[in-house]
Amino acid sequence: MTSGDTSAPPAPTSEAAAVPPPVPAEVTGALAPPMRTVALDAFFGRHHAVQDINLTFPDRSVTAIIGPSGCGKSTFIRTLNRMHELVPNAYAKGEVLLRGQDVYGRGADPVAIRRAIGMVFQRPNPFPTKSIADNVWAGPRFIRMNMRRAHREELLERTLRGAGLWDEVKNRLSAPAGGLSGGQQQRLCIARALAVEPDVLLMDEPCSALDPQSTLRIEELIAELKERLTIVIVTHNMQQAARVSDFTAFFTIENEGEPGRLIETGPTDSIFSRPANPSTEAYVSGRFG
């Protein structure tokens, strides 16, 4: 949720409007993965940005999306929680299955989907004039979660601890968020995303605007969060992808004007040490991109 998301549909009035529950195991034959895409395409008007992406995101893991600039990495992850469609004339085809349910299916509520699939952007985007506490409470208030005082205070401490920020800000919760450092602001944005208790957290180049020390803290936080969340991170930093991810997906674009495609995916160790595709090997070794 960002301060610019004014085009989002109205918030649901109750928990009944949330994303449908997962398909039972006796129906699917096995527990559905937290999220996967099936033949997913993304468009900006007539421009075909991403083509035929089939990708599964395992439970409690980090998947890094890597590839050269312009190959559709950020576009792809914005399709996962239906933020792509907030761009005029942008749309997607195919399926994004969240616990077995298509987020583009009939009757799916985009607001509930963005609660279940949170997002952290490239640059920290807290509400700068709002207090640190109000930044955390913004999401729960928007979706009308139970915000009785005791629950509100517990949620505030729990999410700030979850984002590794509590000890640094607990004595200035009423201070404007704009007074925090860049790294602290990014962790506050992570806390804001965690406050609505998502199943999946998307991170689009979350460290690109941060100094090395703040980057290290975010990477440590990612390792902590994957114990309870599924995380998808877009990064141009190959060392970061190797450090933080369990799985890696390599996207590329073969010729200018063509859509980005998924070339290879697998465990991160394999992608970086024994890639099956020559294009992947050339990219991770620094010979192109």
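Not measured: the values here are computed from a predicted model. (Residues numbered from 1 in each chain as written. Predicted model: local features only at pLDDT ≥ 70, side-chain atom pairs only at ≥ 80, totals over all residues. Heavy atoms only, no water.)

**Concerning the overall build of the protein chain**
Of regular secondary structure, the protein chain possesses 11 helices and 10 strands. Taking all 289 residues of the protein chain together, the buried fraction comes to 50%. For the protein chain, contacts bridging at least 24 residues in sequence account for 69% of all contacts bridging at least 6. About 13,300 Å² of surface is accessible on the protein chain, with carbon and sulfur atoms providing 49% of the total. (Helix = DSSP H or I, 4+ residues; strand = E, 2+ residues; numbered from the N terminus. Buried < 20%, exposed > 50% of the residue type's maximum accessible area, 1.4 Å probe, protein only. Contact = heavy atoms within 4.5 Å. Areas by Shrake-Rupley, 256 points an atom, 1.4 Å probe, with all protein chains shown as cover.)

**Considerations on the pairing of strand β9 (residues 247-252)**
Every other side chain in a regular strand lies on the same face of the sheet, so the side chains alternate between the two faces. Within β9, five of the six residues are buried, leaving the element largely enclosed by the surrounding structure. Across four bridges, the pairing between strand β3 (residues 62-66) and β9 is parallel. Of the residues in β9, the one forming a bridge with Ile66 is Phe250. Bridge count between β9 and strand β10 (residues 261-267): six bridges; the pairing is antiparallel. Within β10, the residue paired with Ala249 across the bridge is Thr265. (Pairing = 2+ DSSP bridges.)

**Concerning the nonpolar core**
In this structure, Leu160, Ile190, Leu201 and Met203 are the most contacted members of the largest nonpolar core, which totals 42 residues. The greatest single-element share of this core, amounting to five residues, is contributed by helix α7 (residues 182-194). With sequence-adjacent residues up to four places away left out, Leu201 is seen in contact with Gly118, Met119, Val120, Ile190, Ala193, Leu225, Leu229, Thr230, Ile231 and Val232. (Core = buried A, V, L, I, M, F, W, Y, C linked by side-chain atoms within 4.5 Å.)

**Things to note about the pattern of salt bridges**
All told, the structure shown has 13 salt bridges when counted by the stated rule. Close ionic contact of Arg243 with Glu219 constitutes a salt bridge, the shortest N to O distance being 2.7 Å. Separated by 24 residues along the polypeptide, Arg243 in helix α9 (residues 238-244) and Glu219 in helix α8 (residues 212-225) bring together distant segments of the chain. One salt-bridge network, in which partners are shared between bridges, spans Arg82, Glu85 and Arg114. (Salt bridge = Lys/Arg side-chain N within 4 Å of Asp/Glu carboxyl O.)

**Observations regarding the packing of helix α4 (residues 132-142) against α7**
With their axes 7 Å apart at the nearest point, α4 and α7 run at an angle of 35° to one another. Like other packed secondary-structure pairs, α4 and α7 cross with a definite hand, here right-handed. Contacts from Ile132, Asn135 and Val136 of α4 reach α7 at Leu188, Ala191 and Arg192. Residue classes in the contact of α4 with α7 are distributed as four nonpolar, one polar and one charged. (Axes fitted to C-alpha atoms, helices over the stretch in contact; angles between N-to-C directions. Left-handed = near helix turned anticlockwise from the far one by under 90°. Nonpolar A, V, L, I, M, F, W, Y, C, P; charged D, E, K, R; others polar.)

**Here's the deal with the confidence of the model for the protein chain**
Low-pLDDT portions of the prediction should not be read for the details of their coordinates. Mean pLDDT for the protein chain: 88, with 87% of residues reaching 70 or above. Throughout residues 1-30 the model reports pLDDT below 50, and contacts reaching past four residues in sequence, or to other chains, amount to 45 contacts. (pLDDT = per-residue confidence, 0-100.)

**Quick notes on the sheet that holds strand β1 (residues 35-44)**
Read across the open sheet, the four strands follow the order β2-β1-β4-β5; overall the sheet is antiparallel. Edge strands, defined here as strands with exactly one partner in the open sheet, are β2 (47-57) and β5 (101-102). Pairing geometry for β1 and β2, over seven bridges, is antiparallel. Bridging across to β2, Thr37 finds its partner in Leu55.

**Let's talk about the environment of Ala42**
Mapping Ala42 onto the fold places it in strand β1. The exposure class of Ala42 is buried, given its relative accessible area of 1%. It is 8.8 Å that separates the C-alpha atoms of Ala42 and Pro259, two residues lying 217 residues apart in sequence. With residues near it in sequence (within four places) discarded, Ala42 still touches His47, His48, Ala49, Val50, Thr75, Thr79, His84, Tyr91 and Ala92.

**Section: the sheet that holds strand β7 (residues 200-204)**
Taken in spatial order, the six strands make up an open sheet running β6-β7-β8-β3-β9-β10, and their pairing is mixed. Whereas interior strands pair on both sides, the edge strands pair on one side only; in this sheet they are β6 (117-120) and β10. On average, each strand axis in the sheet is tilted by 20° relative to the strand beside it, whichever way the strands run.

**A word on the packing of aromatic side chains**
Scanning all chains against the criterion turns up four aromatic pairs. In textbook terms, an aromatic cluster arises when at least three aromatic residues are bridged by ring pairs, as seen for Phe57, Phe76 and Phe251. (Phe/Tyr/Trp six-rings, centres within 6.5 Å; stacked < 30°, edge-to-face > 60°.)

**Things to note about the packing of helix α5 (residues 149-162) against α7**
One can describe the packing of α5 onto α7 by two numbers: an axis separation of 8 Å at closest approach and a directional angle of 130°. Our classification of the angle between α5 and α7 gives oblique. For the element pair α5 and α7, the recorded crossing hand is right-handed. Together, Thr159, Leu160 and Gly162 of α5 and Leu188, Ala191 and Leu194 of α7 make up the contact between the two elements. The residue makeup of the contact of α5 with α7, split by class, is four nonpolar, two polar and no charged. (Parallel < 35°, antiparallel > 145°, perpendicular 65-115°, else oblique.)

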